[in-house]
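One letter stands for each residue in the lines below.
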Amino acid sequence: MEFFLLGLQQLGDLPVVLAMVFGAILGVIVGAIPGAGAAVTISILLPTTFGMEPLTGMTLLLGVYCGSAYGSAIPAIMINTPGSPVAVLTALEAKPFVDRGEARRAMSLAYSASFVGGVTAVLALMLLTLPLANVAKNFGSAEFAMLALAALVLVVVGHTGRRVEATAAMAFGLFLATIGIETAFSTQRYTFGQTSLLGGIPLVPLVIGLFAMSEALVQLTAKTVERPPVQLGGTFFQGFGEVFRYKVTLFGSSIFGIICGIMPGVGEFLAQQVNYVWARKLSPDGANFGKGAPEGIIVSEATNNSVPPAALIPMLALGIPGEELTAMMLAVFLVHNVVPGPDLFINRPEFVAGLYWTLLLMNFVIIGFLLVATGAIARAALMNKRFLGVAILTLSLIGTYASNYRFSDVGIAMVFALLGYVLRSHRWPLTPILLGVVMGPILEGRMRQALGGANGDLTIFVTRPISAVMVLALVALIVFSFRGWLKSLGGKPGWQSNDY
Amino acid sequence: MSEKKETGANRLEAMALTVIFFLCSATLLGLIGTATRTNARGGWWTQPWLMPSLALGVLVLTNAITLWREVADIRKHPPSQDEKQAARSAILSWLLPLEFLTYFGAYVWATQHTGYAVGTLLFVLFLSWRAGLREKRWFLAGLGLVLFMVLVFRVGLGVWMPAPDYYDLFPKEIRTMLMRWF
């Protein structure tokens with residue numbers, strides 16, 4: 001109880017409250033603009049938070065992260081264009097509503113399902129993270145090394161149909177993480193005599209280049225298609241009460257999203273797709289899924305909004321990201337010198353508890369903003385793609401140059417922008433690269449510690465019970481995935497879990 | 001990005017990309033002996049080459065698998081002349097982002113000589129024009145964007161940017177104001 005009260009005290013800090021409101025509103029807006037989104041915005045805003053207190057900076061970026069999940073429903077409904085891949089099902093299910101002149105009803109169904117999913121997941125975060133962190137206090141280097149490895153493997157496995165490409169991207173990220181001076185003997189690795197590389201590849205230019213600038217290049221070179229907005233028909237508040245007619249679907253989807261969020265590598269897209277299929281089978285109204293069923297929107301929105309807060313559970317407690325964007329959030333934590341894991345709860349309880357409360361209140365801020373500003377946000381969703389590209393590229397300067405005032409950082413960002421552009425064009429996933437860069441040093445450091453303690457004996461990973469269980473689970477997962485891959489050889493690649 | 005790329009990349013273009021990735025990763029792996037060191041003291045697990053060689057080994061292997069799949073597919077379904085032509089165009093289109101990146105590099109350089117606000121204004125207006133946004137409304141939208149950026153980043157968040165030399169020509173009070181806000 002004292003722990004939670006400590007967090008409430010943080011809300012008395014005006015900058016934290018302002019960051020929460022601004023971040024949430026910005027998140028909704030960028031989530032509604034196809035091509036903008038949380039990854040682009042977080043990467044651009046990241047360097048501007050360096051001068052803020054960690055809680056203020058993190059609240060701002062988490063606001064963008066959570067708000068974007070709500071905002072993506074707006075273009076999905078208004079212009080039948082998902083703001084992000086996780087809004088595809090909403091777009092599919094909402095179209096018949098729009099055709100019937102019930103766009104407002106679809107909107108309010110989406111908002112209220114998102115709200116319930118988001119709040120339920122934050123409550124799960126508040127209740128489950130501390131116990132999990134307490135369990136992790138018993139972990140040694142071998143267990144943490146296996147957890148880091150698990151995060152990498154699970155994210156690769158989550159990229160169904162693109163696992164080979166995801167593995168390559170992750171390995172590339174791991175390689176990038178090794179560039180610079182290594183810690184054991186202070187020798188240089190792959191610097192080729194460049195002093196600017198001695199400190200390694202800087203994370204901020206890499207993130208901005210790979211996620212923001214490459215997106216700007218895609219938008220600048222895209223063919224623009226003007227889409228007329230739909231008229232907002234129906235009653236706005238109708239769907240708010242309506243969701244509670246489908247309690248099982250609503251709370252079942254939220255809980256399913258939480259479980260998927262906790263499991264590293266699953267992510268919103270996969271969670272949503274699996275839950276949609278199950279809900280269609282189990283619902284008495286299953287035959288109407290895809291034809292404008294209220295439950296279809298509820299499943300889609302409740303699931304995708306419950307994943308992000310739940311994905312913070314393993315990240316805060318264990319230091320491993322639960323889904324795609326959490327890998328970026330892990331980078332944000334590390335840039336702010338906040339190292340997630342069990343020690344965080346001992347050393348900075350006020351920070352963690354403050355984060356809980358801001359995440360909870362954020363949902364109320366977002367829903368309030370959506371009620372008054374949906375029409376205006378819908379117009380933002382129609383923003384010209386090329387102008388969006390101009391805006392993103394211009395904003396990228398703040399991050400690439402103004403964070404360190406080094407031209408070498410700009411060069412690095414430009415290289416990664418080009419790489420990101422080419423990879424996006426070929427649907428290669430980008431997030432595993434970031435995950436490799438972030439998790440690489442953790443994996444290498446923990447492996448060295450574990451093996452050093454065992455004098456190089458590799459059996460250390462199977463003689464410690466928790467580590468042994470992790471190794472077995474990982475081996476089983478890899479074997480099953482490999483079998484699936486062998487079966488798919490010769491077939492066409494299927495869908496992938498994200499756009500990045 | 002063209003409509004074609006959104007639905008599925010050209011097979012030959014994709015293979016060209018994989019060949020580049022494979023050659024780069026294999027070259028980096030080949031350089032492991034010169035780009036890292038082996039230390040006589042310490043166990044094998046502490047050697048600086050261990051992690052890069054593991055990462056690059058996986059990268060080479062996955063690129064080889066991708067290449068093998070692509071070659072097998074092309075041998076099974078040989079590309080038509082149209083597809084070959086489309087691949088050439090697609091590969092050339094890789095140069096298009098380079099043009100925009102060059103403008104970005106010039107923008108970064110220009111801000112040091114013109115100041116952030118002026119440099120950003122020039123960049124936004126030029127890039128909008130180059131991207132085909134040449135109507136009056138886009139000019140006004142560009143002005144709005146620059147105003148927003150200056151207000152948020154320079155005035156609001158106080159992000160520091162180097163002052164250009166010509167600011168010294170102004171009286172002290174104006175110079176201070178320019179350095180702080182523009």
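Residues numbered from 1 in each chain as written. Chains lettered and ligands numbered in written order. Predicted model: local features only at pLDDT ≥ 70, side-chain atom pairs only at ≥ 80, totals over all residues. Heavy atoms only, no water.

### Looking at the overall build of chain A
Stated formally: By the criteria applied, helices consist of DSSP H or I runs no shorter than four residues and strands consist of E runs no shorter than two, each listed in order from the N terminus. Radius of gyration: C-alpha atoms only; globule rule: 2.2 Å multiplied by the number of residues to the exponent 0.38. Throughout, exposure labels follow a simple rule: accessible area from a 1.4 Å probe, protein chains only, divided by the maximum for the residue type, with under 20% read as buried, over 50% as exposed, and the rest as partly exposed. Working rule for contacts: check all heavy atoms of both residues, and any pair within 4.5 Å makes them a contact. Note on areas: these come from Shrake-Rupley sampling with a 1.4 Å probe, and a residue is covered only by the protein chains present in the view. Residues scored as positive are Lys and Arg, those scored as negative are Asp and Glu, and His as well as the terminal groups of each chain are ignored. Lysine's charge is taken at NZ, arginine's at CZ, aspartate's at CG and glutamate's at CD.
A count of helical and extended segments in chain A gives 22 helices and two strands. Its C-alpha atoms give chain A a radius of gyration of 22 Å, within 12% of the compact-globule value 23 Å for 500 residues. Viewed in the frame of its principal axes, chain A has a C-alpha envelope of about 70 × 60 × 50 Å. For chain A, the residues scored as buried account for 65% of the 500 residues in total. Long-range pairs, those at least 24 residues apart, make up 80% of the contacts in chain A between residues at least 6 apart in sequence. Of the accessible surface of chain A, which amounts to about 17,500 Å², a share of 65% is contributed by carbon and sulfur atoms. One finds the centroid of the 28 positive side-chain charges in chain A at a distance of 9 Å from the centroid of its 24 negative side-chain charges.

### Structural notes on the overall build of chain B
Looking only at helices and strands, chain B features nine helices and zero strands. Starting at the N terminus and walking to the C terminus, you meet the elements of chain B as α-α-α-α-α-α-α-α-α. The C-alpha radius of gyration of chain B comes to 25 Å, more than 25% above the 16 Å expected for a compact globule of 182 residues. On the principal axes, the C-alpha backbone points of chain B span a range of 70 × 60 × 25 Å. Relative to its 182 residues, chain B shows a buried fraction of 40%. In chain B, once contacts between residues fewer than 6 apart in sequence are set aside, the share between residues at least 24 apart is 69%. Total accessible area computed for chain B in this model is approximately 10,300 Å², and 69% of it derives from carbon and sulfur atoms.

### A look at the packing of helix 10 (residues 203-220) of chain A against helix 19 (residues 407-425) of chain A
All names here are of chain A. Rules: Fitted lines through C-alpha atoms serve as axes, helices being fitted only where they are in contact, and the angles separating the N-to-C directions of these axes extend from 0 to 180 degrees. To sort the angles, those under 35 degrees are grouped as roughly parallel, those over 145 as roughly antiparallel, those from 65 to 115 as roughly perpendicular, and the leftovers as oblique. The hand of a helix crossing depends on one turn: near helix anticlockwise from the far one by less than a right angle means left-handed, and clockwise means right-handed. Only Asp, Glu, Lys and Arg are considered charged, only Ala, Val, Leu, Ile, Met, Phe, Trp, Tyr, Cys and Pro nonpolar, and every remaining residue, Gly among them, polar.
Contact geometry of helix 10 with helix 19 gives a least axis separation of 7 Å together with a crossing angle of 50°. When the axes of helix 10 and helix 19 are compared, the pair comes out oblique. The two elements helix 10 and helix 19 cross, and the hand of that crossing is right-handed. On the side of helix 10, the interface is formed by Pro205, Leu206, Gly209, Leu210, Phe211, Met213, Ser214, Glu215, Leu217 and Val218, while helix 19 contributes Asp409, Ile412, Ala413, Met414, Phe416, Ala417, Gly420, Tyr421 and Arg424. Of the residues in the contact of helix 10 with helix 19, the class split is 13 nonpolar, three polar and three charged.

### Some words on unusual backbone geometry
Excluding glycine, residues mostly have negative phi values, and the peptide bonds linking residues are mostly trans. The phi torsion at Ser186 of chain A lies on the positive side, around 55°, for a residue other than glycine. Tracing the chain through its elements places Ser186 of chain A in the loop between strand 1 (180-181) and strand 2 (188-189).

### Considerations on the interface of chain A and chain B
Accessible area lost upon the coming together of the parts is a frequently used measure of interface size. Threshold: Joining two parts hides part of their accessible area as seen by a 1.4 Å probe, and the buried area is that hidden amount summed over both. In the sections that follow, a salt bridge refers to a side-chain nitrogen of Lys or Arg positioned within 4 Å of a carboxyl oxygen of Asp or Glu. Distance and chemistry together define a polar contact, namely a pair of N or O atoms within 3.5 Å, with one atom able to donate a hydrogen and the other to accept it when in protein, and with adjacent residues in sequence counting only for side-chain atoms on both sides.
Facing 65 residues of chain A, the contacting portion of chain B comprises 68 residues. Buried area between chain A and chain B, summed over both chains or domains, comes out near 6,100 Å², and the portion from carbon and sulfur atoms is 79%. On the chain A side of the contact with chain B, Phe185, Tyr190 and Phe387 of chain A bury the most area, a combined 12% of that side's loss. The tally of links between chain A and chain B comes to zero salt bridges. For the interface between chain A and chain B, the tally reads six residue pairs in polar contact (both at pLDDT 80 or more). At the level of secondary structure, the elements contributing two or more residues to the side of chain A that touches chain B comprise helix 9 (163-178), strand 2, helix 10, helix 18 (385-400), helix 19 and helix 20 (431-453) of chain A.

### Quick look at the packing of helix 12 (residues 247-262) of chain A against helix 14 (residues 294-318) of chain A
Residues and elements named next belong to chain A. Viewed as axis vectors pointing N to C, helix 12 and helix 14 meet at an angle of 35°, and their least axial separation amounts to 6 Å. Handedness of the crossing formed by helix 12 with helix 14: right-handed. Where helix 12 abuts helix 14, its residues Thr249, Leu250, Ser253, Ser254, Phe256, Gly257, Ile258, Gly261 and Ile262 lie against Glu295, Ile298, Val299, Ala302, Thr303, Ser306, Val307, Ala310, Ala311, Ile313 and Pro314. Of the residues belonging to the contact of helix 12 with helix 14, the class tally is 12 nonpolar, seven polar and one charged.

### Quick look at the nonpolar core
How we decide: Buried residues of nine kinds, namely Ala, Val, Leu, Ile, Met, Phe, Trp, Tyr and Cys, make up a nonpolar core once their side-chain atoms join them within 4.5 Å. Domain start and stop positions are those given by an automatic or database domain assignment.
Of all hydrophobic cores here, the largest spans 202 residues; its most connected members are Ile74 of chain A together with Phe104 of chain B. Counting residues per element, this core draws most heavily on helix 7 (residues 103-136) of chain A, which supplies 17 residues. Lining this core are residues from two domains, each supplying at least three of them: domain 1 (3-92) and domain 2 (95-181) of chain B. Filtering out sequence-adjacent residues up to four positions away, Phe104 of chain B remains in contact with Met213, Leu393, Ser396, Leu397, Thr400, Val410 and Met414 of chain A together with Phe123 of chain B.

### A word on the confidence of the model for chain B
Test applied: pLDDT is defined as a per-residue confidence score from the predictor, taking values between 0 and 100.
In this model, chain B carries a mean pLDDT of 86, and residues with pLDDT of at least 70 account for 95%. Confidence drops under a pLDDT of 50 for residues 1-7 of chain B, and excluding neighbours within four residues, the segment shows 15 contacts in the predicted structure.

### Observations concerning the domain arrangement of chain B
Per the domain assignment, the segments making up chain B are domain 1 (3-92) and domain 2 (95-181). A C-alpha centroid distance of 39 Å is found between domain 1 of chain B and domain 2 of chain B.

### With respect to a nonpolar patch on the surface
Residues and elements named next belong to chain B. Note the threshold: In this scheme, patches are assembled from residues that exceed 30% relative accessible area and form no salt bridge. Like charges are connected within 9 Å, while nonpolar side chains (Val, Leu, Ile, Met, Phe, Trp, Tyr) are connected within 5 Å.
Taken together, the side chains of Val118, Leu122, Leu147, Leu151, Val155, Tyr166, Leu169, Phe170, Ile174, Met177, Trp181 and Phe182 present a nonpolar region at the surface, about 1,100 Å² in accessible area. Put simply, the parts of the chain that give the nonpolar patch at least two residues each are helix 7 (116-130), helix 8 (136-156) and helix 9 (172-181). Residue position: Leu147 is located in helix 8.

### Section: helix 19 of chain A
Residue and element names in this part refer to chain A. As a reminder of what qualifies: A helix is expected to span 1.5 Å multiplied by its residue count minus one.
The terminal C-alpha atoms of helix 19 lie 27 Å apart, and with 19 residues this matches the ideal 27 Å at 1.5 Å per residue to within 8%. Of all 19 residues in helix 19, 14 are buried; the element is thus mostly enclosed. Positive backbone phi, at 55°, marks Arg427, one or two positions downstream of helix 19.

### Structural notes on the pattern of salt bridges
In this structure the tally under the stated criterion is 15 salt bridges over all chains. A single network of salt bridges, built from pairs that share partners, joins Arg100, Glu102, Arg105 and Glu242 of chain A.

### A closer look at the environment of Leu325 of chain A
All names here are of chain A. As for its placement among the helices and strands, Leu325 is situated in helix 15 (residues 324-335). Taking the relative accessible area as the measure of exposure, Leu325 reaches 16% and is therefore buried. Beyond its immediate chain neighbours, meaning those up to four positions away, Leu325 contacts Ala38, Ala39 and Tyr65.

### What about the packing of aromatic side chains?
Formally: Two aromatic rings from Phe, Tyr or Trp, using only the six-membered ring of Trp, form a pair when their centres are within 6.5 Å; if the ring planes differ by under 30 degrees the pair is stacked, by over 60 it is edge-to-face, and anything between is tilted.
Taken as a whole and assessed by the stated rule, the structure comprises 17 aromatic pairs over all chains. Here the aromatic rings of Tyr276 of chain A and Phe289 of chain A are separated by 5.4 Å at their centres, their planes lie at 55°, and the arrangement is tilted. With Tyr276 of chain A in helix 13 (residues 267-282) and Phe289 of chain A in the loop between helix 13 and helix 14, this pair connects stretches of sequence that are 13 residues apart. For Tyr276 of chain A, a relative accessible area of 5% puts it in the buried group. Relative accessible area serves as the criterion here: at 6%, Phe289 of chain A is assigned to the buried category. Judged by centre distance (6.1 Å) and plane angle (85°), the ring pair of Phe100 of chain B and Tyr103 of chain B falls under edge-to-face. Note that Phe100 of chain B and Tyr103 of chain B are positioned in helix 6 (residues 95-114) at a spacing of three residues, about one turn of the helix. Residue Phe100 of chain B shares its accessibility class with Tyr103 of chain B, and that shared class is buried.

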